[in-house]
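So the chains spell out like this:
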Amino acid sequence: QVQLAESGGGLVQAGGSLRLSCVLSGVIFDIRTMHWYRQAPGKQRELVASITSGYTTNYADSVKGRFTISRDNSKNTVYLQMNSLKPEDTAVYYCNFQLGLRPIAAWGQGTQVTVSS
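Predicted, not measured: the structure shown is a model, and the values here were computed from it.

Trainee: I'd like to hear about the nonpolar core, residue by residue, with values.
Mentor: In this structure, Trp36, Val78, Leu80, Met82, Tyr93 and Phe97 are the most contacted members of the largest nonpolar core, which totals 28 residues. Looking at this core, the elements that each hand over two or more residues are β1 (2-7), β3 (18-26), β4 (31-39), β5 (46-51), β7 (67-72), β8 (77-82), β9 (91-99) and β11 (111-116). Leu80 has contacts with Leu18, Arg19, Leu20, Trp36, Val48, Ala49, Phe67, Thr68, Ile69 and Tyr93, leaving out every residue within four places of it along the chain.

Trainee: An account of the sheet that holds β7 is requested, with residue identities and associated values reported.
Mentor: The four strands are arranged β1-β3-β8-β7 in an open sheet whose pairing can be described as antiparallel. Each edge of the open sheet is held by one strand with a lone partner, namely β1 and β7. The sheet shows a mean angle of 15° between the axes of neighbouring strands, taken without regard to direction. By the bridge criterion, six bridges tie β1 to β3 in an arrangement that is antiparallel. In the strand pairing of β3, Gln3 is matched with Ser25.

Trainee: Would you mind going over the packing of aromatic side chains in detail, with residue names and values included?
Mentor: Summed over all chains, the structure comprises two aromatic pairs. Both rings, one in Tyr37 and one in Trp107, keep their centres 5.2 Å apart while their planes meet at 85°; by these two values the pair is edge-to-face. Within this pair, whereas Tyr37 is found in strand β4, its partner Trp107 is found in the loop between β10 (102-103) and β11, the two being separated by 70 residues in sequence. Overall, Trp107 belongs to the partly exposed group, its relative accessible area being 33%. Both rings, one in Tyr94 and one in Trp107, keep their centres 6.1 Å apart while their planes meet at 75°; by these two values the pair is edge-to-face. Of the two residues, Tyr94 sits in strand β9 while Trp107 sits in the loop between β10 and β11, which places them 13 residues apart along the sequence. In this structure Tyr94 comes out as buried when scored by relative accessible area, which is 17%. Just above the ring of Tyr79 sits the side chain of Arg19; from NZ or CZ to the centre is 4.0 Å. The aromatic ring of Tyr55 is capped on one face by Arg71, whose charged end is 6.0 Å from the ring centroid.

Trainee: Lay out the state of the cysteines with the relevant residues and their values.
Mentor: This model, assessed by the stated rule, comprises one disulfide. Paired through a disulfide, Cys22 and Cys95 show a sulfur-sulfur distance of 1.7 Å. Its S-S torsion of approximately 40° makes the covalent link between Cys22 and Cys95 right-handed. Taken together, the residues Cys22 in strand β3 and Cys95 in strand β9 connect sequence positions 73 residues apart. The buried category is assigned to Cys22, whose relative accessible area is 0%.

Trainee: Explain the pairing of β11 to me, and be specific about the residues and the numbers.
Mentor: On β11, burial follows the alternation: Thr111, Val113 and Val115 on one face are buried, whereas Gln112, Thr114 and Ser116 on the facing-out side are not. Relative to β11, strand β2 (residues 10-13) runs parallel, the two being bridged by four bridges. Looking across to β11, one finds that Val12 is bridged to Val115. Note that β9 and β11 share three bridges and pair antiparallel. The residue bridging Ala91 from the neighbouring strand is Val113, located in β11.

Calculation notes
Residues numbered from 1 in each chain as written. Predicted model: local features only at pLDDT ≥ 70, side-chain atom pairs only at ≥ 80, totals over all residues. Heavy atoms only, no water. Core = buried A, V, L, I, M, F, W, Y, C linked by side-chain atoms within 4.5 Å. Buried < 20%, exposed > 50% of the residue type's maximum accessible area, 1.4 Å probe, protein only. Helix = DSSP H or I, 4+ residues; strand = E, 2+ residues; numbered from the N terminus. Contact = heavy atoms within 4.5 Å. Pairing = 2+ DSSP bridges. Axes fitted to C-alpha atoms, helices over the stretch in contact; angles between N-to-C directions. Phe/Tyr/Trp six-rings, centres within 6.5 Å; stacked < 30°, edge-to-face > 60°. Lys NZ or Arg CZ within 6 Å of the ring centre and 35° of its normal. Disulfide = S-S within 2.5 Å.

Rendered as structure tokens:
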């Protein structure tokens, strides 16, 4: 069984920064792309950022230039550095990994990010 655990969220003022972490534990094979998603109340979950096994990154337009995704393969960990935070970034942030050909089916609890005006 594999398990995702997000951490690093909190309450910050607009313009502030947070660094999110997500660790995958369990019996793990062939981690490919790592992803960060977020979901605000009443909204659909959206893909925020991805990083491939070749370290290619992609970002949602709404966070481009402000967020940076990175990975540490030795720790089975993906990070999301969030700078210049806006109230619109307020959401629960979730990670997911592509394991082989499939994403992990079981989501973690997520970590709450709240950005005040």
